[in-house]
Amino acid sequence: MELLARPLDELCAKARALRDEGHGRLVTYSPKVFIPLTKLCRDVCHYCTFARPPRRGERAYLAIDEVLEIARAGAAAGCREALFTLGDKPELRYGAARDELAALGSSTTIEYLARAAEAVLLETGLLPHLNPGVMTRDDVGELRRVSVSLGLMLETTSDRLSARGGPHFGSPDKLPARRLETIAAAGEERVPFTTGLLIGIGESREERIDALVAIRELADTYGHVQEVIIQNFRAKPGTRMAGSPEPALEELLWTIAVARIVLGPNAHLQAPPNLSYADFPRLLDAGIDDWGGVSPVTIDHVNPEAPWPELELLRAGTESRDLELAPRLPVYPEWISAEWIDPNVLPSVLRASDSLGLAREDRWSPGEDAGIPFVPRDALPIDTRAELGEEEIVRLFSARGRERDRVFAAADQLRREVCGDDVSYVVTRNIQYTNVCYFRCGFCAFSKGKLAANLRGAPYLVPHEEIVRRCEEAWERGATEVCLQGGIHPAFTGDYYLSVVRAIKEAVPGLHVHAFSALEVWQGAATLGLPLDDYLAELAEAGLGSLPGTAAEILDDEVRRIICPDKVTTAQWLEVHDAAHRAGFRSNVTMMLGHVEGPLNWARHLLHAREQQRRSGGFTEFVPLPFVHMEAPMWLRGQARSGPTFGETLLVHAVARLALHPWITNVQVSWVKLGAEGAAAALRAGVNDLGGTLMNESISRSAGAEHGQEFPPEAMEALIRSCGRVPRQRTTLYGDAPEERRLASFGAAPLAEPWNPPVKDARLVAPPRLVRPGFAT
């Protein structure tokens, strides 16, 4: 074979290029806890110290309580994976195993393993990866319902290693044909699967290639092989192979490089770092993209003599090759879907994952009143002088580690060039005039009504006189703006929105009315049978000042069909804002992140916003809104992630600064979602605006946010100055707030209690059918 004749340096260079093509600069590892459910095994591999016969006075299996104790320690230490490793079918060899299984209420080890894995999943949230040995298709199906992935090392396709004198002699489950049948069974059952080779036990290089080709063929047939491990034999005292030579590092590197070339650029290729000791960084030179499981809690029970490297040592070794380290789940991103994971297990996977399908790197969630995990560090900015396209934006959203620091630095540098050191904010009052809504947005914990999934709290409708009272109170407290939004009440027509604006402007003519999302405008026009242009002209005449950019969620219909299928489409949202800009209104654009979408959807959203701004020029700012998950219906149903990570949240602000330049020059952070500490960190990642003081906030609080309802000017300016920046109180359209308004905003009197009178009859009758404004219904 050609591979046998090529020099090692050449093979490694080719393998690295393929790895970089498929996986870029990211190298992963799985934070895991190792659970040795039983060390009994019917096989007698000549190199193994894990398996052992029954011992008097010792139990054969861990009890479920012992399993949970190990798992809880792992969860507390930040692990995501519960790796169950055990001997192969010990009940077929040992009466002690059969007796103990019977006492435990199980007839087979597989059955007991399923019970233990289910307990770990339900009690701790750790994701089980199971290695029980050879399995039938029925075994695989039983374990699929309680795990995210299964594993079985092929080790070799050489039958001669099972002959007398070979390392697998007397081990019926090590026959290559049986192991290949198990891998195929996992493919038939649609289970993500881990397999690999054990090298240095007497096989030849040709036989290794033969095994790799067999794995590739199974992967091509079923699409289920998520990773391939190349593990080097280590001689262990007390085994029959204690005196056998171990493979040299060069032999391991040769096998890894050949595996990468045989399996291709997209395969996930792993080699255990602890079995190469101080030389482990050299494994990267041969093309691996994964370090496997690393535990902060438990030893490697299969190789107890070889401790895992500390995480910071692993990171340093990875970075020494100009690569970045990131935690992953025991199921790789490509297999996170209902096709591959049982519907009862998938919610736990989604809640543990980030936007790339990797493990959440921190325990931070939007809206939670907890400390932030990091502050952007000083770094050399990346070069983003050219306008960014979709592919480049997606690439930036995938940045991790030091590369992410460079993205933050580039955004901060551009912010300084465009906006200087001013940080603006507006004194405003939020009024959510009703929480009754006939739309069924899966992310919304605010709306109430027959079709809403979350019915906490009473439905309400704020009367006009209370809306006016709150506006007058806001004006007395120095506000320049009132922001109005609410649910789409089935009784509302476009006349309702007009009447609210007129009532406010009649009572407080100097107050800027920033009101009504694209959905409300679209609905208002449709219910009156008016074209958008005509209805917007009526709103302008009534005194509307500008439009908020909410209801944008994600401007990608692929996502909207999942999270808000009956809401305005991407094209309709853009059409409303295009018409508003033509009518002389300004508006902003928001983006909700951290639920079911990902970097590609973020990129499409930014590009839609940028292209609309080129055409109409009316957007004042871009506002990322991290998904607050705690009470959101789709999260409670297990259909969404737990909001973005803190790193992703800052990254979206930073990339938005870079991608929207020079068209949209203001990037705002939501202190309601990030808190004061998070907002301060965002000021180092391209942000120049802290949004509004709010006075009242209901939508994020309904979803579980804990950062309060008001951020008064005194606190705003203290925070800004603590970051070395200059506070600037602004108007809605980014002019300076009048001095009279600014003086009135400091030392403001406490707010009176808002009045939200309940709607006694919030039953939702058939809502008006939304058609294109101007067309007959």
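Throughout this description, residue numbers start from 1 for each chain and increase along the sequence as written. Under the rules for a predicted model, residues below a pLDDT of 70 receive no local features and side-chain atom pairs below 80 are neither given nor counted, while totals for whole chains, interfaces and linings still include all residues. The side-chain figures draw on all heavy atoms in the structure; neither hydrogens nor water molecules are used.

Engineer: Please explain the packing of helix α8 (residues 205-222) against helix α9 (residues 249-263) as it appears in this structure.
Structural biologist: Convention adopted: a line fitted to C-alpha atoms gives each axis, helices being fitted over their contacting stretch, and angles between N-to-C directions are expressed from 0 to 180 degrees. Helix and strand labels come from DSSP, where a helix needs a run of H or I of at least four residues and a strand needs a run of E of at least two; each type is numbered from the N terminus. At a closest axis distance of 10 Å, the pairing of α8 and α9 adopts a crossing angle of 35°. Crossing of α8 against α9: the hand is right-handed. Facing R205, R208, I209, L212, V213, I215 and R216 of α8, the residues of α9 in contact are E251, W254, T255, V258, A259, V262 and L263. Think of it as three bins: nonpolar holds Ala, Val, Leu, Ile, Met, Phe, Trp, Tyr, Cys and Pro, charged holds Asp, Glu, Lys and Arg, and polar takes everything else, Gly as well. Of the residues in the contact of α8 with α9, the class split is 9 nonpolar, 1 polar and 4 charged. We call a crossing left-handed when the near helix sits turned anticlockwise from the far one by less than a right angle, and right-handed when that turn is clockwise. Here a residue-residue contact requires only that any non-hydrogen atoms of the pair lie within 4.5 Å.

Engineer: Would you mind going over the pairing of strand β9 (residues 324-327) with me for this structure?
Structural biologist: Side-chain positions along a regular strand alternate between the two faces of the sheet. Working definition: with a 1.4 Å probe on protein chains only, accessible area under 20% of the residue-type maximum means buried, over 50% means exposed, and in between means partly exposed. Burial along β9 is two-sided: E324 and A326 facing one way and L325 and P327 facing the other are all buried. For two strands to count as paired, DSSP must find a minimum of two bridges between them. The pairing of strand β1 (residues 26-38) with β9 spans 4 bridges and is parallel. The residue bridging L26 from the neighbouring strand is E324, located in β9.

Engineer: Looking at this structure, how should I read the sheet that holds strand β18 (residues 726-730)?
Structural biologist: Pairing between sheet strands relies on hydrogen bonds along the backbone, with the strands arranged either parallel or antiparallel. Taken together, 3 strands build an open sheet; the order of strands is β17-β10-β18 and the sheet is parallel. Every interior strand has two partners, whereas the edge strands, β17 (689-692) and β18, have only one. If you compare each strand with its neighbour and ignore which way they point, the axes differ by 20° on average. Where strand β10 (residues 422-426) lies against β17, 2 bridges are found, and the strand directions are parallel. Considered in β17, the bridge of V426 is made with G692.

Engineer: Mind showing me how you'd approach the environment of L37 here?
Structural biologist: Tracing the backbone through its elements, the reader meets L37 in strand β1. The exposure class of L37 is buried, given its relative accessible area of 1%. If we ignore the near neighbours within four places in the chain, the residues touching L37 are A60, Y61, L62, V67, F84, T85, L86, Y112, L113 and A116.

Engineer: Please explain the pattern of salt bridges as it appears in this structure.
Structural biologist: Pairs may arise between side chains of opposite charge once their charged atoms sit close together. What counts as a salt bridge is simple: a side-chain nitrogen of Lys or Arg found within 4 Å of a carboxyl oxygen of Asp or Glu. Within this structure, the stated rule accounts for 63 salt bridges. Among the ionic contacts, a cluster of salt bridges with common partners joins R25, E319, D322, E324, R395, R402 and E403.

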